[in-house]
Amino acid sequence: MTQQIAPDTTKRAGVQPTHYHCYAWSGAGREWERLGKTDTLDLNSPDRPPVRTVDWLIKSARFIVAVHTDPKAACGWLIGEWEQACEKALNPVPGWVSSEERAVRALRAIETGCWPSYSQWLVGGVIVFMAVLGTDGTCH
């Protein structure tokens, strides 16, 4: 059974992505707290990862760690990052959470314009965020 995925309603109608930005942020819990819990559009917190996934596109380009033109490659990057995070997870990821199933859902999300975003607390009080967003050639 295929689950319905809600599309990203913030994207411009009719614009197809030409490439996919792969975003990542990590920091200690203290840094997360220091950056504050302000709105991600707040210019006083440019180093804070966004609350809304689509807001990665307005953050600094230094958060982009990879760019792919193929949705499968972008999905592969995301799942690879997720698996690395799971290896160091503060709370072990349950056995029923399958990377293969997550990859299927993530690829479907990317292909339908519903940008996947994951986060995980790691041992040592570090939190990581990762996301894939499609964009067109006018973003650069």
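Look a little higher up for the structure.
Each residue is numbered by its place in its chain's sequence as written, counting from 1. Local features in a predicted model are, by the rule used here, given only for residues with pLDDT of at least 70; side-chain atom pairs are given and counted only at 80 or more, and totals for whole chains, interfaces and linings are based on all residues. Side-chain measures here rest on the full set of heavy atoms in the structure, leaving out hydrogens and waters.

Time to look at helix H3 (residues 99-111). Spanning 13 residues, H3 covers 18 Å between terminal C-alpha atoms, matching the ideal 18 Å at 1.5 Å per step. Residue burial is assigned from relative accessible area. The probe radius is 1.4 Å, only protein chains are included, and a residue is buried under 20% of its type maximum, exposed over 50%, and partly exposed in between. Per the convention used, a helix needs a DSSP run of H or I reaching at least four residues, while a strand needs a run of E reaching at least two, with both numbered from the N terminus. By the burial criterion, the buried members of H3 are Ser-99, Arg-102, Ala-106, Leu-107, Ala-109 and Ile-110. Taken end-on, H3 shows its buried residues confined to a sector of 160°, consistent with a single buried face. Opposite the packed face of H3, turned more than 90 degrees from it, sit the exposed residues Glu-100 and Val-104. Note on contacts: a residue pair is in contact if any heavy atoms of the two residues lie within 4.5 Å. In the core, the buried residues of H3 are packed alongside strand E1 (19-28), helix H2 (71-87), strand E3 (117-122) and strand E4 (126-135). Directly beyond the C-terminal end of H3, a positive phi value near 80° is found at Gly-113. Helix span, as expected, comes to 1.5 Å for every residue beyond the first. Taken from the helix axis, the directions to the C-beta atoms give the arc we talk about.

Residues enter a nonpolar core if they are buried and are Ala, Val, Leu, Ile, Met, Phe, Trp, Tyr or Cys, with the set joined through side-chain atoms within 4.5 Å. With 28 residues, the main nonpolar core has Trp-56, Met-130 and Val-132 as its most contacted residues. Among the elements of the structure, E1, H2, H3, E3 and E4 are those that each provide at least two residues to this core. Once you skip the residues sitting within four places of it in the chain, Trp-56 turns out to touch Tyr-23, Ala-24, Trp-25, Pro-49, Pro-50, Phe-63, Phe-129, Ala-131 and Leu-133.

Let us now look at the sheet that holds E1. Strand order in this open sheet of four strands is E2-E1-E4-E3, and the pairing throughout is antiparallel. What marks the edges here is a single partner per strand, and that holds for strand E2 (64-68) and E3. Direction aside, the axes of adjacent strands within the sheet are offset by 15° on average. Paired strands, as defined in this entry, are two strands with at least two bridges between them according to DSSP. Where E1 and E4 come together, 10 bridges link them in antiparallel fashion. Following the sheet pairing, Ala-24 is matched in E4 by Met-130. Along the sheet, H2 contacts E1, E2, E3 and E4; its crossing angle with E4, the most-contacted strand, is approximately 175°. In this analysis an axis means a line fitted to C-alpha atoms, helices contributing only their contacting stretch, and an angle means the value between N-to-C directions, from 0 to 180 degrees.

Like charges are joined within 9 Å and nonpolar side chains (Val, Leu, Ile, Met, Phe, Trp, Tyr) within 5 Å, but only among residues with over 30% relative accessible area and no salt bridge; these make up the patches. Note on areas: Shrake-Rupley with a 1.4 Å probe; residue coverage comes only from the protein chains shown. Within this document, salt bridges are pairs made up of a side-chain nitrogen of Lys or Arg and a carboxyl oxygen of Asp or Glu, the two lying within 4 Å of each other. Taken together, the side chains of Leu-90, Trp-121 and Val-123 make up a nonpolar region of the molecular surface, amounting to roughly 300 Å² of accessible area. Leu-90 gets classed as partly exposed once you look at its relative accessible area, which sits at 45%.

Another point: the environment of Cys-86. Residue placement: Cys-86 occurs in helix H2. The spacing of Cys-86 and Leu-122 is 36 residues in sequence and 8.1 Å in space, taken between C-alpha atoms. Filtering out sequence-adjacent residues up to four positions away, Cys-86 remains in contact with Val-93 and Gln-120.

In this section: the environment of Val-97. For Val-97, the position within the fold is in the loop between H2 and H3. When neighbours within four sequence positions are excluded, Val-97 is seen to be in contact with Trp-82 and Arg-102.

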